[in-house]
Structure formats: structure tokens, C-alpha cells
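Spelled out from the first residue to the last, the chains are:
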Amino acid sequence: QVQLVESGGGLVQAGGSLRLSCAASGSIFSINAMGWYRQAPGKQRELVAAITRGGTTNYADSMKGRFTISRDNAKNTVYLQMNSLKPEDTAVYYCAASRALIMIITTIGYWGQGTQVTVSS
């Protein structure tokens, strides 16, 4: 089993920045990709960004240029640096882990508990 613990959420003004962290523990040798999803009230859960163990990244189009995903394999931790935040970024952000290299909803084996990000205007 794998456990994922997120941290770093909070309240920030529009234009500000936050960095989210996700620490993985357990059978981490089986994980080949990790990433972030978010879900706002009344909206479908959507991919934010993903990264493979080797460092290949993928972003949702609306996040490119504002968000950066990175990882520290030695610490079994992934990060999401969020800059130029907008009110529409307000959502619960979930860390996810996949045994497969591709990060899509059907390949995700583990979820974190979620961390709230609120961007005020």
C-alpha cells in the first residue's frame, strides 16, 4: 500500500503564490508517476499536472506558465508551485499516484486526502 499526505494549502490573494507538497510512503517502489488533481464545487475533477519518476511532466493547458510540478525522488515527495493564482483556481487539490507512467484517472491507484486552496479577489 501507498500513503499520500498533502500539505501547503491555504488562503491567498489573487496574484499570489503557494507551494503544495505531497509525501509518499509505503510501497513507493511500485509508483512510476505522481501528480495533482483538483475539484471545485459543482465541477468535475480535473488534472492539474503530473510527473514521472524520470522527470517527464505534463500540464493542463490552463496551468502552463503558471504552475510547476517537481519531485525529489530521494525524499519521495512531489511539489506543485503555483504562481499568479486566480480565484478560479480555488478548489480542493488532491495528490495522486499511479503504477503506470501515464497519469489519467483510470491509472490512479492512490489518492491523498486533499488540501484546500482558496484564492480571494
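Residues numbered from 1 in each chain as written. Predicted model: local features only at pLDDT ≥ 70, side-chain atom pairs only at ≥ 80, totals over all residues. Heavy atoms only, no water.

A. Inspection of the pattern of salt bridges at higher detail. Within the structure shown, the criterion is met by 4 salt bridges. One salt bridge in this structure joins Asp 61 and Lys 64, with 3.4 Å as the shortest N-O distance. The salt bridge partner of Arg 66 is Asp 89, with a shortest N-O separation of 2.8 Å. With Arg 66 in the loop between β6 (57-59) and β7 (67-72) and Asp 89 in the loop between β8 (77-82) and β9 (91-98), this pair connects stretches of sequence that are 23 residues apart. The class of Asp 89 is buried, set by a relative accessible area of 1%. Residues participating in the shared-partner salt-bridge network are Arg 38, Glu 46, Arg 66 and Asp 89. (Salt bridge = Lys/Arg side-chain N within 4 Å of Asp/Glu carboxyl O. Helix = DSSP H or I, 4+ residues; strand = E, 2+ residues; numbered from the N terminus. Buried < 20%, exposed > 50% of the residue type's maximum accessible area, 1.4 Å probe, protein only.)

B. Representation of the state of the cysteines. Tallying each qualifying case throughout the model produces 1 disulfide. Here Cys 22 engages in a disulfide with Cys 95; their sulfurs sit 2.0 Å apart. When the S-S torsion is -85°, as for the bridge of Cys 22 with Cys 95, the disulfide is left-handed. A residue pair is termed long-range when its members are at least 10 positions apart, and Cys 22 in strand β3 (residues 18-26) and Cys 95 in strand β9 qualify at 73 residues. Residue Cys 22 is classed as buried on the basis of its relative accessible area of 0%. (Disulfide = S-S within 2.5 Å.)

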